[in-house]
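Each chain is listed here by its residues.
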Amino acid sequence: MPVVPTQQIVEEAFRERYGVAAINVVNDLTMEAVLSAAEELRAPIIVQTSVKTVKSIGADVLIAMWRAMVDRTSVPAALHLDHCPEREVISLCLEKGWNSVLFDGSKLSVEENKRQTIEVVAEARRHGALVEGEIEAFKRVEEMADDEQAGEQGLETALDFIRSTQVDVYAPAIGNAHGMYTTTPKLDNQRVTDIVEATGIPVALHGGTGMTADQFSDLIARGCAKVNISTALKIAFIQSGYDYVTAHPTEYDPPKLFVAQRAAVLEMAKEHISRFGAQGRAW
Ligand code: 13P
């Protein structure tokens, strides 16, 4: 199946109330393992790259890898640029063929974020790409206060941002954070309902690693059609590599190490995809 626009993947999930796993990959091995997990489960998938990954591997190499791998994938798949505050990187990825971008203007004033997001939306439309927007920076787990919940901006500010920028997907802060939670996070699920009811657009759930099955299913039912997972992949990749090397301290055979890492990442991706109700949904 050719690449399917992120809009189509997310809209279908939003309509049918399941979640599409949007998993950050870090190299060829993890990209292949995530696509294979979706293929095995017959699920649509969003493969995400961070700005760091774009810079370390290079947009040309990444998109060539993506095209070669997605050509042999038969489920709907899209390539997304995660949290990007740098307009040049947004433009580069859109030109190269990424299907969607998250313009991260959360460090800007809301007014400036709005102004720039409007420009990004216009640019992305010329490439047929989707734009995700945010106004509240997601913290890392270790920066969150114990009783910290929803983001700092009021609902009306978020709604005004969505309406005036015309972003396709919105990423609200609901008490979620990037990294591994030390306890179950307290999430403001109602904020998702309020945004979905007022705007009719899907919500992206950030900080997915470590949320409970009940949190996922409730938030997906409320309209979180895109569910971001990054830390779980990093843990699977690094821990399996560490375990393998520890068990085979003198082997020095990289392909065998890669087999172990691929298996761990594939398993992690399958676990999340099926938890979000996306298996068997490929069209
Ligand atoms: P985690 O690293 O907590 O899974 O969050 C992923 C994410 O939201 C990427 O934007």
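Please refer to the structure placed before this passage.
Residues numbered from 1 in each chain as written. Predicted model: local features only at pLDDT ≥ 70, side-chain atom pairs only at ≥ 80, totals over all residues. Heavy atoms only, no water.

## Points about the pairing of strand β5 (residues 130-134)
Cut-off, in case you're wondering: Here the term buried applies to any residue with accessible area under 20% of the maximum for its type, exposed to any over 50%, and partly exposed to those in between, with areas from a 1.4 Å probe on protein chains only. The secondary structure listing takes helices from DSSP runs of H or I that are at least 4 residues long and strands from runs of E that are at least 2 residues long, numbered from the N terminus. Two strands qualify as a pair provided DSSP detects at least 2 bridges between them. By definition, the crossover connecting two strands over a helix is right-handed if that path, from the first strand to the second, turns clockwise as seen with the strands pointing away from the viewer.
Taking burial as the measure, the five residues of β5 include five buried ones, the bulk of the element. Of the strand pairs in this sheet, strand β4 (residues 100-104) and β5 are connected by five bridges, and their pairing is parallel. The partner of Phe103 across the bridge, within β5, is Gly133. Since β4 and β5 lie parallel, the crossover through helix α6 (residues 110-126) that links them has a hand, and here it is right-handed. Relative to strand β6 (residues 169-170), β5 runs parallel, the two sharing two bridges. The residue of β6 that forms the bridge with Glu132 is Val169.

## Remarks on the packing of helix α8 (residues 189-199) against helix α9 (residues 213-222)
To characterise two packed helices, one gives the angle between the axes of the helices and the distance between these axes. Our working definition: Helix axes are fitted to C-alpha atoms over the stretch in contact, other axes to C-alpha atoms as well, and angles between N-to-C directions run from 0 to 180 degrees. Orientation labels follow simple angle bins: below 35 degrees gives roughly parallel, above 145 gives roughly antiparallel, 65 to 115 gives roughly perpendicular, and whatever is left gives oblique. By definition, any crossing whose near helix is turned counterclockwise from its far helix by less than a right angle is left-handed, and any crossing with a clockwise turn is right-handed. Note on contacts: a residue pair is in contact if any heavy atoms of the two residues lie within 4.5 Å. Residues are grouped as follows: Ala, Val, Leu, Ile, Met, Phe, Trp, Tyr, Cys and Pro are nonpolar; Asp, Glu, Lys and Arg are charged; every other residue, Gly included, is polar.
Following both chains from N to C, one finds α8 and α9 inclined at 15 degrees, their axes separated by 9 Å at the closest point. By the angle between their directions, the pair α8 and α9 is classed as roughly parallel. Note on packing geometry: the crossing formed by α8 with α9 is right-handed. Every residue of α9 that contacts α8 at Asn189, Gln190, Val192, Thr193 and Val196 is listed here: Asp218, Leu219 and Arg222. Residue classes in the contact of α8 with α9 are distributed as three nonpolar, three polar and two charged.

## Side note on the site of the ligand
Stated precisely, the cut-off is as follows: Residues are classed as near a molecule or strand on a simple rule: at least one heavy atom within 4 Å of it. Polar contact is defined as a pair of N or O atoms within 3.5 Å, subject to the rule that within protein one atom must be able to donate a hydrogen and the other to accept it, and that residues adjacent in sequence are counted only when both atoms are side-chain atoms. Here the open area of atoms and residues is found with the Shrake-Rupley method and a 1.4 Å probe, where only the protein chains shown may cover a residue. Buried and open spaces are told apart on a 1 Å grid over the protein atoms alone, a cavity being a set of points where a 1.4 Å probe fits but cannot get out and a pocket being an open set with protein on both sides within 12 Å along at least five of seven lines. Residues with an atom within 4 Å of a point are the lining residues. Pocket or cavity membership: a molecule qualifies when more than half of its atoms sit within 2 Å of the grid points of that site.
Around the ligand, 14 residues are found, and the nearest of them are Asp82, Gly207, Thr209, Ser230 and Thr231. Between the ligand and the protein, one listed contact pairs an oxygen atom with a side-chain N or O atom of Asn228 at 3.1 Å. In isolation the ligand offers 310 Å² of accessible surface; the protein chains occlude 97% of this area. Taking a 2 Å distance to the grid points as the criterion, the majority of the atoms of the ligand fall inside the largest pocket. Mapped onto the shell around the ligand, the elements with two or more residues apiece are β3 (77-84) and β8 (224-229). Tallied by class, residues from the shell around the ligand come to two nonpolar, 11 polar and one charged.

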